[in-house]
Amino acid sequence: TQLLEQSPQFLSIQEGENLTVYCNSSSVFSSLQWYRQEPGEGPVLLVTVVTGGEVKKLKRLTFQFGDARKDSSLHITAAQPGDTGLYLCAGGTYNQGGKLIFGQGTELSVKP
Amino acid sequence: ETGVTQTPRHLVMGMTNKKSLKCEQHLGHNAMYWYKQSAKKPLELMFVYNFKEQTENNSVPSRFSPECPNSSHLFLHLHTLQPEDSALYLCASSQIRENEKLFFGSGTQLSVL
């Protein structure tokens, strides 16, 4: 069974601080997605990374896919209250028709 | 309307009730999904429909019955649910060849009493 483990599960920081969320597995994935989910809403796709070692930036968010395609990280610089939400990583699978495997999520709270 | 719309947003039902969840997508996608989201657990894929044909049933109990009349509409019929079925039920859509890029609705928060 393929699993994705996210850490930390909860993170509470002050506005302006930096943070990193990790997504780890013993399995290789064809792609890695990051979603953000706000209370009362469904997840929204932030980024997809497909190449080992790939780094993508989205304003203050930096996403990295591990060289071996087994892990990923999300780094937020100078966090803002608007970054508050549940961050989910999801891995695309080779042998299951691309079905996504989701991590359990990291709940981020950024206090003003 | 745009995106993926789910109704109702909230639902409380007894264990003997029958209810249905509705999902509609306005994105021109050809794949639709039902996911279950429980507290502190990863999203669980329940059903997948490609071109309105069911291609995945992830060992879901028969008290959950999906229906996909066309590529834009998806239903989840519920009957004789258990309290442990209380969760957020999310509908999503995608293009079949880009099934890692899911577009989610806002979900139905279901409580089974």
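Residues numbered from 1 in each chain as written. Chains lettered and ligands numbered in written order. Predicted model: local features only at pLDDT ≥ 70, side-chain atom pairs only at ≥ 80, totals over all residues. Heavy atoms only, no water.

Draft legend 1. Fine view of the overall build of chain A. Each helix and strand counted, chain A has 0 helices and 11 strands in total. Moving toward the C terminus, one meets the helices and strands of chain A in the order β-β-β-β-β-β-β-β-β-β-β. For 112 residues, the compact-globule estimate of 2.2 N^0.38 gives 13 Å, and chain A sits close to it at 13 Å. Dimensions of chain A, computed from the C-alpha atoms along their principal axes, are close to 45 × 30 × 20 Å. Taken across its 112 residues, chain A has 47% of its residues classed as buried. The contacts in chain A between residues at least 6 apart in sequence include a share of 56% that link residues at least 24 apart. (Helix = DSSP H or I, 4+ residues; strand = E, 2+ residues; numbered from the N terminus. Rg over C-alpha atoms; globule rule 2.2 N^0.38 Å. Buried < 20%, exposed > 50% of the residue type's maximum accessible area, 1.4 Å probe, protein only. Contact = heavy atoms within 4.5 Å.)

Draft legend 2. Spatial organisation of the packing of aromatic side chains. Scanning the model with the defined rule gives 7 aromatic pairs over all chains in all. Here F102(A) and Y35(B) contribute two aromatic rings whose centre-to-centre distance is 5.6 Å and whose plane-to-plane angle is 80°, an arrangement assigned as edge-to-face. Note that F102(A) is positioned in strand β10 (residues 100-102) and Y35(B) in strand β4 (residues 31-37), a pairing that runs across two chains. In this pair, the class of F102(A) matches that of Y35(B), namely buried. For F102(A), a relative accessible area of 4% puts it in the buried group. (Phe/Tyr/Trp six-rings, centres within 6.5 Å; stacked < 30°, edge-to-face > 60°.)

Draft legend 3. Region of interest: the side chain of S93(B). Relative to the assigned elements, S93(B) resides in strand β9 (residues 87-94). A polar contact of 2.8 Å, which involves the side chain of S93(B), links it to the side chain of H29(B). (Polar contact = N/O pair within 3.5 Å; in protein donor to acceptor, adjacent residues only side chain to side chain.)

Draft legend 4. Layout of the layout of surface pockets. The calculated volume of the largest pocket comes to roughly 580 Å³. Along the walls of the largest pocket sit 27 residues, with Q37(A), L86(A), E107(A), Q37(B) and A39(B) positioned nearest its centre. Mapped by element, the contributors of at least two residues to the lining of the largest pocket are β9 (85-92) and β11 (106-111) of chain A together with β9 of chain B. Of the residues forming the lining of the largest pocket, the biggest block, 3 residues, is contributed by β9(A). Taken together, the residues of the lining of the largest pocket break down into 8 nonpolar, 13 polar and 6 charged. When its volume is computed, the second largest pocket comes out at roughly 270 Å³. Lining the second largest pocket are 15 residues, with Q2(A), I101(A), F102(A), P42(B) and L43(B) positioned closest to its centre. When residues of the lining of the second largest pocket are traced back to their parent elements, those giving at least two are β10 of chain A together with β5 (44-50) of chain B. Ranked by the residues each element gives to the lining of the second largest pocket, the list is headed by β10(A), at 3 residues. Counted by class, the lining of the second largest pocket contains 8 nonpolar, 4 polar and 3 charged residues. (1 Å grid on protein atoms, 1.4 Å probe; cavity = no way out; pocket = protein on both sides within 12 Å on 5 of 7 lines; lining within 4 Å. Points joined across faces, edges and corners; volume = space filled by probe spheres on them. Nonpolar A, V, L, I, M, F, W, Y, C, P; charged D, E, K, R; others polar.)

Draft legend 5. How the structure looks around the pairing of strand β5 (residues 44-49) of chain A. Residue and element names in this part refer to chain A. The pairing of strand β4 (residues 31-37) with β5 spans 5 bridges and is antiparallel. Along β5, the bridge assignment pairs Y35 with L45. Counting the residues between successive antiparallel strands, the hairpin from β4 to β5 contains 6 residues, one of them, G40, with a positive phi of roughly 80°. (Pairing = 2+ DSSP bridges.)

Draft legend 6. Looking closely at the interface of chain B and chain A. The partner chain A presents 20 residues to the 19 residues of chain B that form the contact. Across the chain B to chain A interface the summed buried area is about 1400 Å²; carbon plus sulfur atoms make up 55%. Its largest share of buried area at the contact with chain A, chain B owes to L43(B), E100(B) and F104(B), together 30% of the area lost on that side. Where chain B touches chain A, the interface holds 0 salt bridges. At the boundary of chain B with chain A, the tally comes to 5 residue pairs in polar contact (both at pLDDT 80 or more). Elements represented by at least two residues in the side of chain B that touches chain A include exactly β4 and β9 of chain B. Residue composition of the side of chain B that touches chain A, by class: 8 nonpolar, 5 polar and 6 charged. (Buried area = accessible area lost by both parts, 1.4 Å probe. Salt bridge = Lys/Arg side-chain N within 4 Å of Asp/Glu carboxyl O.)

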